[in-house]
Structures are given as structure tokens and as C-alpha cells.
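Coordinate inspection notes
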Amino acid sequence: MIDGMIDSLLRPESTGDLLTARFREMFGTEMRIFRAPGRVNLIGEHTDYNDGFVMPAAIGFYTWVAAAKREDRVLEAYSDRFDEKVTFSLDALAGPPRRHWSDFIRGVAATLQGAGHSISGANLVIHGEVPLGAGLSSSASLEVATALAFTVSSGIAVPRLELAKLCQAAEHEYVGTRCGIMDQFIASFGVSGNALMLDCRSLVYQLIRVPRDLRLAVCNSMVRHEHASGEYNLRRADCEAGAKLLAQHLPGIHALRDVGIADLEKYKHALPETIYRRCRHVITENQRVLDAAKALQSGDAGGFGGLMYASHASLRDDYEVSCRELDLLVELAASRPGVYGARMTGGGFGGCTVNLVREECASAFEAEMARTYQQATGIAPDIYVCEPAQGAQAWPAERS
Ligand code: GLA
């Protein structure tokens, strides 16, 4: 007890402590705390829903969920970001997306129940640190943290992989974005210090150490991508249409993952021009991820960076998911000292770029990027210098 008191006098209050106090004040009971991180994708964009390869890393911005079981079938969830509380009955969760933060909570609970997991009613307090609409996967971090909170507070154990898949399904049905598995996967399986290369077909992954002298500098264009889910679903539909048309000539292919660039060029005539370019992005991007993994493993930061620039160009020209501000951030970064590579990251249409930067150059990079981007656009960007962080976990808040 005395030790605990001294400890808390010496330590500045952490997010977990603040959340504990908030929960007690609001619900008057003990609770458990869970958190899941946002992510930055180093390379492999719009490949996950084509059964392809991605290489994200978790970053040290988390969504925190404090949770306690209730004896009735009610979910009560308070978000401090929106300063709003919602209440649902576990028996009436169905319904279309409402474009509200609680869609994620409702969706995760409904999807867990739909898969046969009997979750209990719960009180939740949610604290989000992941910037919203920035392409850093605040959604998946909320889903995964909530899923952990529901299952643990209900006393049931669901394997992480199943949780990640159920969170993805929740996003499809209750939020309306037909996303791939990347974000929920990295939020669940990220390991600090490492990027994670995932085969989105087999779901086999490999951790790849990011050298200690490199930083993942994330530049937020401050252009929010909130209305992008329609465009996202359209890109996915283009890819599916492309795979279907190609399958008429290449029997046995199930997704663009199965198509090589030589075959794409051979059957180019069978595809409308736009669909051809969408396919070309996905097919070349898959190869870039494989090459990037080799480069990172062999300490070739320059080679890795070159692939990042190529990825950006492909997303800009073939996939058409970049925007003026993201292109500018990449151009500005390319001339900075200590920068190996830069590209847009996440779904696109705004959001962030990711930059591979030598540690000793990171603060000058931050200052100069902020200055030059603001000079050119009038917008002050947020810049986060990150190292790969840990995936979802319970936060050890239950000290006496
Ligand atoms: C969003 C989706 C992911 C992935 C990326 C683009 O983040 O949630 O599944 O498709 O866009 O790579």
C-alpha cells in the first residue's frame, strides 16, 4: 500500500490512471483496461483485399477501453473524445450504419454474438488517442480494444486471429467499409520494434526488425479522409471486376494476388483502361512488398526507400487515391537530408504520409516539413516521429 502510494506520488499520472479515475467516477465500480494501437503502413497499400501482401507497424497512439461487466443485457459506453454516452440492449444491436462512433461498439458486440460468443452487458469508458480521419486506423484500434474488453469482461477467451476477423466483419456490416484485414491484424499482432509483413491470403506473418537508428516519421496533411469510404469500396469493386475479367483468360485465378505483371500485360486488351491501371497498381505493389521485406532484412534502407517512392507514384497515378497535399508532402520529404523514402499511407484521399528517416535527422525533418508544408498550403501539419509499438494488450491498472 505504502509502496503504491509512493509510486503514484513519483509517477506522473498515466492515461490508464486517468481512465481508472474517470470510470470510477462514472460507474462507481472496478474495471479492467485494454488498449489497441493505431498503425502506419510502410508499404503494401490496397493489396490486403486482393489477397496480397502488406507491411504495417503499430504506432504508439492507442484507443483505451475501460470495461466492467454488468448483470443485465445493456451496453453503456462513454467516449471522452465525443463527450457522449450511448446505451444499447444486447438484444437489439442490428441495423444499418448510422455514421456515428458507436457503430463500432454496436458492430463489434453484434458480430461477436453473431459468431456464437455470449457476451455480457458492460459499462465502457473509451479514450482515443489515434488521430481521427488521418489514415492511421483509429477505427481498427477502437474495434480491437472493444472486442478485447467485451470478451475478457464476459469471461470468454476468443483467439486473437478470430477477434481480428470479427472486427473486420463488424466494419463491413456496421460501418459500411469493405476493408481488408490489415488494420485489425496489426492492431492485434503488432510487436514493438518490428514491422509485420502479412500474407493476407494465408494470414501467415513475419516480423521484421526496424533498425534502431531509423524512425517512421508520419506527416499528417490534415486533410481528413472521412468521406472516402465510398471511393474505397469502388476501388475494391474495380479490383474484383479486374480479377473476374482476367480469370476468363487465366483459369484458376481467384484474386489479383494470383496474377503476374507479364500476364496482366498479355491480357491488357481484355480490361477497360481504368481497371487495367487499378490492377497494375495492385500487382506491382505486391512485388514491392516482397522486395521491401528483403531490403529491410538486409539493412538496405535506401532500397526500401526507393520502393516507397515507387509505391506512392503508383497510388497517385494508377490507383488514384492520393491528393495534392499528400503528393506535396512526399515531394518536400524527398529533398530532406536523412530521408530514405516517403509515401502516402492508409486508404488515401487525405490523411498521412510515412517517411523513413535517419534518427539523427528526425527533429530537423519535423521542423522543416512543418515549415515548408505550411508555407505552401497555409495548413500546419501534425508530425509524429514514431517507432514500431506493441499491439493490443490489457493494461495492468488493477493495483491496490
Ligand atoms: C484501409 C483499410 C485497409 C487497407 C488500407 C489500404 O486502411 O482498412 O484494410 O485496405 O485502407 O491499404
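Here's what I pulled together on the structure shown here.

Conventions and cut-offs
- Residues numbered from 1 in each chain as written.
- Predicted model: local features only at pLDDT ≥ 70, side-chain atom pairs only at ≥ 80, totals over all residues.
- Heavy atoms only, no water.
- Axes fitted to C-alpha atoms, helices over the stretch in contact; angles between N-to-C directions.
- Helix = DSSP H or I, 4+ residues; strand = E, 2+ residues; numbered from the N terminus.
- Parallel < 35°, antiparallel > 145°, perpendicular 65-115°, else oblique.
- Left-handed = near helix turned anticlockwise from the far one by under 90°.
- Contact = heavy atoms within 4.5 Å.
- Near = heavy atom within 4 Å.
- Polar contact = N/O pair within 3.5 Å; in protein donor to acceptor, adjacent residues only side chain to side chain.
- Areas by Shrake-Rupley, 256 points an atom, 1.4 Å probe, with all protein chains shown as cover.
- 1 Å grid on protein atoms, 1.4 Å probe; cavity = no way out; pocket = protein on both sides within 12 Å on 5 of 7 lines; lining within 4 Å.
- Sits in = over half its atoms within 2 Å of the grid points.
- Nonpolar A, V, L, I, M, F, W, Y, C, P; charged D, E, K, R; others polar.
- Pairing = 2+ DSSP bridges.
- Phe/Tyr/Trp six-rings, centres within 6.5 Å; stacked < 30°, edge-to-face > 60°.
- Buried < 20%, exposed > 50% of the residue type's maximum accessible area, 1.4 Å probe, protein only.
- Lys NZ or Arg CZ within 6 Å of the ring centre and 35° of its normal.

Relative orientation of the contacting elements helix H10 (residues 301-317) and helix H11 (residues 324-334) amounts to 160°, with a least axis distance of 11 Å. Taken together, the axes of H10 and H11 lie roughly antiparallel to each other. As for how H10 packs across H11, the hand of that crossing is left-handed. Taking contact as the criterion, the partners of Tyr309, His312 and Arg316 in H10 are, on H11, Leu326, Asp327, Val330, Ala333 and Ala334.

Attention now goes to the site of the ligand. Taken together, Arg39, Glu45, His46, Asp48, Tyr49, Cys179, Gly180, Met182, Asp183, Tyr232 and Gly347 form the complete shell of residues around the ligand. Within the backbone of His46, one N or O atom sits 2.7 Å away from an oxygen atom of the ligand. The separation between an oxygen atom of the ligand and a polar side-chain atom of Asp183 is 2.7 Å. When the ligand sits alone it has 310 Å² of accessible area, and the protein chains cover 93% of it. More than half of the atoms of the ligand fall within 2 Å of the grid points belonging to the largest pocket. The residue inventory of the shell around the ligand, partitioned by class, reads four nonpolar, three polar and four charged.

Read from one edge to the other, the open sheet built from four strands follows the order S9-S10-S8-S11, with strand pairing classed as antiparallel. Across the chains shown, the open sheet's two edge strands, defined by having one partner strand only, are strand S9 (339-345) and strand S11 (382-386). Ignoring which end each strand starts from, the neighbouring axes of this sheet average 20° apart. Relative to S11, strand S8 (residues 214-220) runs antiparallel, the two sharing five bridges. When the bridges of S11 are listed, Val218 appears paired with Tyr384.

Let us look at the packing of aromatic side chains. In total, this model carries nine aromatic pairs according to the counting rule given. Where Phe61 meets Tyr384, the ring centres are 5.1 Å apart and the plane angle is 75°; that geometry is what we call edge-to-face. Placement of the pair is Phe61 in strand S2 (residues 53-69) and Tyr384 in strand S11, with a sequence separation of 323 residues. Exposure remark for Tyr384: the relative accessible area of 12% places this residue in the buried category. Aromatic pair Trp64 and Trp395: ring centres 5.9 Å apart, planes at 65°, arrangement edge-to-face. Within this pair, whereas Trp64 is found in strand S2, its partner Trp395 is found in strand S12 (residues 393-395), the two being separated by 331 residues in sequence. For Trp64, a relative accessible area of 4% corresponds to the buried category. Through pairs of rings, three or more aromatic residues link up here, namely Tyr62, Trp64 and Trp395. We note Arg35 situated over the ring of Tyr62; from NZ or CZ to the ring centre the distance is 3.8 Å.

So, about the environment of Phe189. Secondary-structure assignment places Phe189 in helix H6 (residues 182-189). Distance in space between the C-alpha atoms of Phe189 and Asp80 is 26 Å, their sequence separation being 109 residues. Not counting residues within four places of it along the chain, the set of residues in contact with Phe189 comprises Arg160, Leu161, Leu196 and Tyr205.

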